[in-house]
Amino acid sequence: MAVMPVIKMDNPLLHRKAKKVSKIDDSIQKLIDDMVETMHDIEGVGLAAPQVGVPLQVVVIQLPDEEDVITLINPEIVKTSEESEMMTEGCLSLPGYRADVKRFTSVTVKARDRQGKLIRIKGDDFLAHVLQHEVDHINGIVYVDHLESMDKLEETEAEDEEEAGGI
Ligand code: NI
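About the thresholds
Residues numbered from 1 in each chain as written. Predicted model: local features only at pLDDT ≥ 70, side-chain atom pairs only at ≥ 80, totals over all residues. Heavy atoms only, no water. Buried < 20%, exposed > 50% of the residue type's maximum accessible area, 1.4 Å probe, protein only. Helix = DSSP H or I, 4+ residues; strand = E, 2+ residues; numbered from the N terminus. Pairing = 2+ DSSP bridges. Donors = N, O, S within 2.8 Å, 3.2 Å for Na, K, Ca; no water. Tetrahedral: all angles 85-135°; square planar, octahedral: opposite > 155°, others 65-115°. Axes fitted to C-alpha atoms, helices over the stretch in contact; angles between N-to-C directions. Contact = heavy atoms within 4.5 Å. Salt bridge = Lys/Arg side-chain N within 4 Å of Asp/Glu carboxyl O. Core = buried A, V, L, I, M, F, W, Y, C linked by side-chain atoms within 4.5 Å. Expected span 1.5 Å × (residues − 1). Polar contact = N/O pair within 3.5 Å; in protein donor to acceptor, adjacent residues only side chain to side chain.

Just to check I follow, could you spell out the pairing of strand E7 (residues 118-124) for this structure?
Looking along a regular strand, one sees the side chains alternate between the two faces of the sheet. Where burial is concerned, the two faces of E7 differ: the one with Ile119, Ile121 and Gly123 is buried and the one with Leu118, Arg120, Lys122 and Asp124 is not. Linkage of strand E6 (residues 106-112) to E7, two consecutive antiparallel strands, is achieved through a turn of five residues, within which Gly116 is found at a positive phi near 90 degrees.

Okay, structure coming up:
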């Protein structure tokens, strides 16, 4: 396993839709292992493959205090709540900044797990926000794209960043 460098906002790979995984082979298993190791190394909560320079639809998520990693291959949001709320978000690809983004309070995501099994995950609150942020990454969307203007972006202190959770 290896820690991979996380690319930054100016990299075009973050602004392009990632490709669907057609076959979950050894190279995908290795990518997932490396992404999990990278996420742990940077103490992140979620990571999408484009953030490590791989334009494929793979996401890993591990909520604080949860033992299990959620692996999502070709994830798609299939259901959302009617309600939404403002969430303060940062991104591992834009360290030092945060902004309030409107997100659904609950979403259901359809994906394949690393064994290739079709799964559906319903996330509420924080997990819902993380799922929306990561599925956005897969579609070439970053949270700043949701802002009316770049003036809404705030600079953060190191402590704030930990609070927001790296996604
Ligand atoms: Ni992000």
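Help me out: how do you make sense of the coordination of the nickel ion in this one?
Reference values for angles at a metal are 109.5 degrees in the four-donor tetrahedral case and 90 or 180 degrees in the six-donor octahedral case. Protein coordination at the nickel ion: the donors are Cys91 (SG), His133 (NE2), His137 (NE2) and Ile167 (O), at 2.1 to 2.4 Å from the metal. Of note is the nickel ion, whose four donor atoms meet at the metal with angles of 93 to 150 degrees in an arrangement that counts as irregular. The sequence pattern formed by the donor residues of the nickel ion is C-x41-H-x3-H-x29-I. Residue Cys91 is found in the loop between strand E4 (84-89) and strand E5 (97-104), and its partner Ile167 is found in the segment after helix H3 (158-164); the two are separated by 76 residues along the sequence. In this structure, Cys91 and Ile167 share a single accessibility class: buried.

Please clarify how the sheet that holds strand E2 (residues 58-61) should be interpreted in this entry.
In a beta sheet, neighbouring strands are held together by backbone hydrogen bonds and run either parallel or antiparallel to one another. Here five strands make up an open sheet; going across it, the order is E1-E2-E3-E6-E7 and the pairing antiparallel. A single partner strand is all that each edge strand has here, and the edge strands are strand E1 (46-48) and E7. Direction aside, the axes of adjacent strands within the sheet are offset by 40 degrees on average. On the sheet, helix H2 (residues 125-138) packs against E1, E2, strand E3 (70-80), E6 and E7 and is oriented at approximately 125 degrees with respect to E7.

Just checking my understanding: could you explain the pattern of salt bridges for this structure?
Should their charged atoms come close, side chains of opposite charge can pair. Going through the model one piece at a time under the given rule, you end up with six salt bridges. The partner of Asp136 in a salt bridge is Arg103, with the nearest N and O atoms 3.0 Å apart. Taken together, the positions of Asp136 in helix H2 and Arg103 in strand E5 put the pair 33 residues apart, joining distant regions of the chain. Classification of Asp136 as buried rests on a relative accessible area of 12%.

Whenever I open this one, the nonpolar core confuses me. Can you help?
In a soluble, globular protein the nonpolar side chains are often hidden away together inside. Judged by nonpolar contacts, the single largest core of 19 residues is most densely connected at Ile61, Leu72, Val109, Ile121, Leu127 and Leu131. Among the elements of the structure, E2, E3, E6, E7 and H2 are those that each provide at least two residues to this core. Sort the elements by how many residues they give to this core and H2 lands first, with six residues. Judged by nonpolar contacts, the second largest core, of 17 residues, contains Met4, Ile28, Leu31 and Val58.

Help me out: how do you make sense of the environment of Asp34 in this one?
Tracing the sequence through the fold places Asp34 in helix H1 (residues 26-41). Taking relative accessible area as the criterion, Asp34 reaches 5% and is therefore assigned buried. Other than its neighbours up to four places away in sequence, Asp34 contacts Met1, Ala2 and Met4.

Please explain H1 as it appears in this structure.
In an α-helix, one turn spans 3.6 residues; hence positions three or four apart end up facing the same way. The end-to-end C-alpha distance of H1 is 22 Å, a good match for the 22 Å that 16 residues give at a rise of 1.5 Å each. Taken together, the buried residues of H1 touch E1, E2 and E3. One or two steps after H1, the chain reaches Glu43, where phi turns positive at roughly 55 degrees.

It is not clear to me how the side chain of Ser106 should be interpreted in this structure. Could you clarify?
With respect to the helices and strands, Ser106 occurs in strand E6. On the basis of relative accessible area, Ser106 is assigned to the buried category, the value being 12%. Polar contacts involving the side chain of Ser106 include one to the side chain of Asp124, which spans 3.0 Å. Here Ser106 is in contact with Lys79, Thr80, Ser81, Lys122, Gly123, Asp124 and Ala128, once residues within four sequence places are set aside.

What is the right way to read the sheet that holds strand E8 (residues 154-155) from this model?
Read across the open sheet, the three strands follow the order E4-E5-E8; overall the sheet is antiparallel. Looking along the sheet, the strands with just one partner apiece sit at the ends: E4 and E8. Direction of pairing for E5 relative to E8: antiparallel, over a ladder of two bridges. Along E8, the bridge assignment pairs Tyr97 with Glu155.

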